[in-house]
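One letter stands for each residue in the lines below.
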Amino acid sequence: MPQLLNPKSKLPTLDVPLVEGGRFVLADANPDYFQLVVIYRGVHCPKCKAQLKEIDSKVADIRADGMDVVAISMDNEERAKKAVKEWELENLSIGYDLSLLTAKELGLFLSDSISDKEPKIFAEPALFVVKPDGALYAEFVQNTPFGRPALDEVLSGMKFAAENDYPTRGTSVA
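Residues numbered from 1 in each chain as written. Predicted model: local features only at pLDDT ≥ 70, side-chain atom pairs only at ≥ 80, totals over all residues. Heavy atoms only, no water.

Once that is clear, we can look at the overall build of the chain. Helix and strand content of the chain: five helices and nine strands. Each helix and strand of the chain, ordered N terminal to C terminal, gives the series β-β-β-α-α-β-α-β-α-β-β-β-β-α. At 15 Å, the chain has a C-alpha radius of gyration in line with the 16 Å of a compact globule built from 174 residues. For the chain, the spread of C-alpha atoms along the principal axes amounts to about 45 × 35 × 30 Å. Considering the chain as a whole, with its 174 residues, one finds that 49% of them fall into the buried category. (Helix = DSSP H or I, 4+ residues; strand = E, 2+ residues; numbered from the N terminus. Rg over C-alpha atoms; globule rule 2.2 N^0.38 Å. Buried < 20%, exposed > 50% of the residue type's maximum accessible area, 1.4 Å probe, protein only.)

Next comes the structure, spelled out in structure tokens:
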């Protein structure tokens, strides 16, 4: 059973190739306030398409607010490029080849395929909000393709937290 990461803990090493070239390395990310890491199921998922298209339309605003965003899946390069092309993603960086080990270290739920459109195994969706020092600020980890947090609510919360130096919550050891 996956284990949630503790708020304020460092995320595991996250280093994946990007469709547009280069690599996304979380340790090298340098947003002013937060790095948003979106884990999506893969090109087979219509809910992921809707989520990533919404994010893609807001990348400029996200960056203008001192944050950055990347979407990552366990898809291989061919499938990731297919998602970018078919979903008409123009602004959002898409990472691929997330390893099974890293998916487990992130506490992601994993699913086995139920159709030939799906890869043999893939990660279910998640969203991590990470501070510039690599510490986890917030996480939303799901075991189903539906029920994702509303993007505008997450973004407004991140903006509020940045503007008000709002602390990481859920850290009590009581």
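Now for helix α3 (residues 77-86). Among the residues of α3, Arg79, Ala80, Ala83 and Val84 are the ones counted as buried. Viewed end-on, α3 has its buried residues packed into an arc of 140 degrees, placing them on one side of the element. More than 90 degrees from the buried face of α3, the exposed residues found are Glu78 and Lys85. Residues of α3 that are buried make contact with β5 (93-95). N-cap assignment for α3: the residue whose side-chain oxygen lies 3.2 Å from the backbone N of Glu78 is Asn76. In the segment just after α3, Glu88 is the residue with positive phi, at about 55 degrees. (Arc of directions from axis to C-beta. Contact = heavy atoms within 4.5 Å. Polar contact = N/O pair within 3.5 Å; in protein donor to acceptor, adjacent residues only side chain to side chain.)

Across soluble globular proteins, nonpolar side chains have a tendency to be buried as a group. Counting residues in hydrophobic clusters, the biggest one holds 31 residues, and the most contacted among them are Tyr40, Leu52 and Ile94. Among the elements that line this core, the one with the most residues is helix α5 (residues 151-164), at six residues. Those residues in contact with Leu52 that lie beyond four places of it in its chain are Val38, Tyr40, Ala71, Trp87, Leu89, Leu92 and Ile94. Counting 23 residues, the second largest nonpolar core, distinct from the first, contains Val16, Ala29, Ala123 and Leu136. (Core = buried A, V, L, I, M, F, W, Y, C linked by side-chain atoms within 4.5 Å.)

Okay, the layout of surface pockets next. Considering only enclosed or pocket space, the largest pocket measures out at about 260 Å³ in volume. Taken together, 15 residues form the lining of the largest pocket, with Tyr137, Ala138, Phe140, Gly157 and Met158 sitting closest to its centre. Classifying every residue of the lining of the largest pocket gives eleven nonpolar, one polar and three charged. (1 Å grid on protein atoms, 1.4 Å probe; cavity = no way out; pocket = protein on both sides within 12 Å on 5 of 7 lines; lining within 4 Å. Points joined across faces, edges and corners; volume = space filled by probe spheres on them. Nonpolar A, V, L, I, M, F, W, Y, C, P; charged D, E, K, R; others polar.)

Moving on to the environment of Asp61. Within the secondary structure layout, Asp61 lies in helix α2 (residues 59-64). Judged by its relative accessible area of 52%, Asp61 falls in the exposed class. The spacing of Asp61 and Leu155 is 94 residues in sequence and 9.7 Å in space, taken between C-alpha atoms.

A few words on the environment of Glu86. By the element assignment, Glu86 lies in helix α3. Residues Glu86 and Asp133 lie 47 residues apart in sequence; the distance between their C-alpha atoms is 35 Å.

You can see Asp75 is positioned in the loop between β4 (67-72) and α3. Sequence separation of Asp75 and Ala60 is 15 residues, and the distance between their C-alpha atoms is 25 Å. Only 2.8 Å separates the side chain of Asp75 from the side chain of Arg79, close enough to count as a polar contact.

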